[in-house]
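A closer look at the structure
Residues per chain are reported as follows:
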Amino acid sequence: MHFITQTKNSASSSQWGFYISTFGVVFILLWLGIFKFTPTEATAIKPLIANHLLSSWLYKLWSEQTVSNIVGIVEIAVAILILLSLKFKQLRRYAGIGVCIIFTMTLSYLFTTPNMFKHVDGVPVTDFFILKDILFLGFGISLLQSAKK
């Protein structure tokens, strides 16, 4: 009986990490998604999007602000999808795919945007804000894997 109780406690406590990660990613996606609707963020992301083979064409169709708004809508939609996937497990696959696409794309900007890497005291440095997306990509992969269970 003690063993069963211990196993149940271990299982529920192991989910803490999943829920903390889930709400953390949702919070960041919502926050950044909303910020994409500002002119400051629209200007800030333009060099990243404009220098990428898969996204540079967007500026030929739409304005700087419209492109940023589209990115914001996608980020907010994926955040909502993640939240819904907590209730509807069949959505986890799609949420995981969305997370993986967003953060793979963001990480690829490190290699497509000119002057992203600099050397400071002999050490290569970059925009460390983008590097956080390695963790978010890992979360997306975990979400995809949990959809298979």
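Summarised in this report is the structure supplied together with it.

What counts, and at which threshold
- Per-chain numbering applies: the sequence of each chain, read as written, is numbered from 1 onward.
- Under the rules for a predicted model, residues below a pLDDT of 70 receive no local features and side-chain atom pairs below 80 are neither given nor counted, while totals for whole chains, interfaces and linings still include all residues.
- Only hydrogens and water are removed before side-chain values are computed, so all heavy atoms of the structure are retained for them.
- Put simply, DSSP H or I for four residues or longer makes a helix, DSSP E for two residues or longer makes a strand, and each gets a number counted from the N terminus.
- Throughout this description, buried means an accessible area under 20% of the type-specific maximum (1.4 Å probe, protein chains only), exposed means over 50%, and partly exposed covers the range between.
- What counts as a salt bridge is simple: a side-chain nitrogen of Lys or Arg found within 4 Å of a carboxyl oxygen of Asp or Glu.
- Note on geometry: axes are lines fitted to C-alpha atoms, helical ones only across the stretch in contact, with angles between N-to-C directions running from 0 to 180 degrees.
- We call two directions roughly parallel when the angle between them is under 35 degrees, roughly antiparallel when it is over 145, roughly perpendicular when it lies between 65 and 115, and oblique otherwise.
- Crossings are sorted by hand: turned counterclockwise from the far helix by less than a right angle, the near helix makes the crossing left-handed, and turned clockwise it makes it right-handed.
- Residue contacts are counted whenever heavy atoms from the two residues lie within 4.5 Å of one another.
- For the purposes of these results, a polar contact is taken to be a pair of N or O atoms within 3.5 Å, where, inside protein, one atom must be able to donate a hydrogen and its partner to accept one; residues adjacent in sequence count only when each atom of the pair is a side-chain atom.
- Residue classes follow a fixed rule: Ala, Val, Leu, Ile, Met, Phe, Trp, Tyr, Cys and Pro count as nonpolar, while Asp, Glu, Lys and Arg count as charged, and any other residue, Gly among them, counts as polar.

1. Description of the environment of I70
Considering the arrangement of structural elements, one finds I70 in helix α4 (residues 64-87). A relative accessible area of 32% places I70 in the partly exposed class. Between the C-alpha atom of I70 and that of K118, which follows or precedes it by 48 residues, the distance is 30 Å.

2. Looking at the pattern of salt bridges
Enumeration over the complete set of coordinates arrives at four salt bridges. We note a salt bridge from K36 to E75, for which the minimum N-O separation is 3.4 Å. One end of the pair, K36, is in the loop between α1 (2-35) and α2 (39-50); the other, E75, is in helix α4, and 39 residues separate them in sequence. Per residue, the accessibility class of K36 equals that of E75, and both read buried. Between K46 and E64 there is a salt bridge, and its shortest N-O distance comes to 3.9 Å.

3. Re the packing of helix α5 (residues 92-112) against helix α7 (residues 133-147)
Where α5 contacts α7, the axes come no closer than 8 Å and their chain directions differ by 160 degrees. Between α5 and α7, the crossing angle belongs to the class labelled roughly antiparallel. In the crossing of α5 with α7, the sense of the turn from one axis to the other is left-handed. Between α5, through R92, R93, A95, G96, I97, V99, C100, F103, T104, T106 and L107, and α7, the contact on the second element is made entirely by D133, I134, F136, L137, F139, G140, I141, L143, L144, S146 and A147.

4. Looking at the environment of L58
In this structure, L58 sits in helix α3 (residues 58-61). Taking the relative accessible area as the measure of exposure, L58 reaches 15% and is therefore buried. When the C-alpha atoms of L58 and S68 are compared, they prove to be 9.9 Å apart, with ten residues separating the residues in sequence. When residues no more than four places from it in sequence are discounted, the contact partners of L58 are I49 and V67.

5. Here's the deal with the side chain of H52
Looking at where H52 falls in the secondary structure, it is placed in the loop between α2 and α3. Polar contacts involving the side chain of H52 include one to the main-chain amide nitrogen of L54, which spans 3.0 Å. Beyond its immediate sequence surroundings of up to four residues, H52 is in contact with M105, S108, Y109 and T112.

6. Here's the deal with the packing of α2 against α4
Interaxial distance between α2 and α4 falls to 9 Å at its minimum, and their mutual angle equals 90 degrees. Overall, the two elements α2 and α4 adopt an arrangement that is roughly perpendicular. Of the residues in α4, those touching α2 at P39, E41, A42, T43, I45, K46 and I49 are E64, Q65, V67, S68 and V71. For the contact of α2 with α4, the per-class residue count stands at six nonpolar, three polar and three charged.

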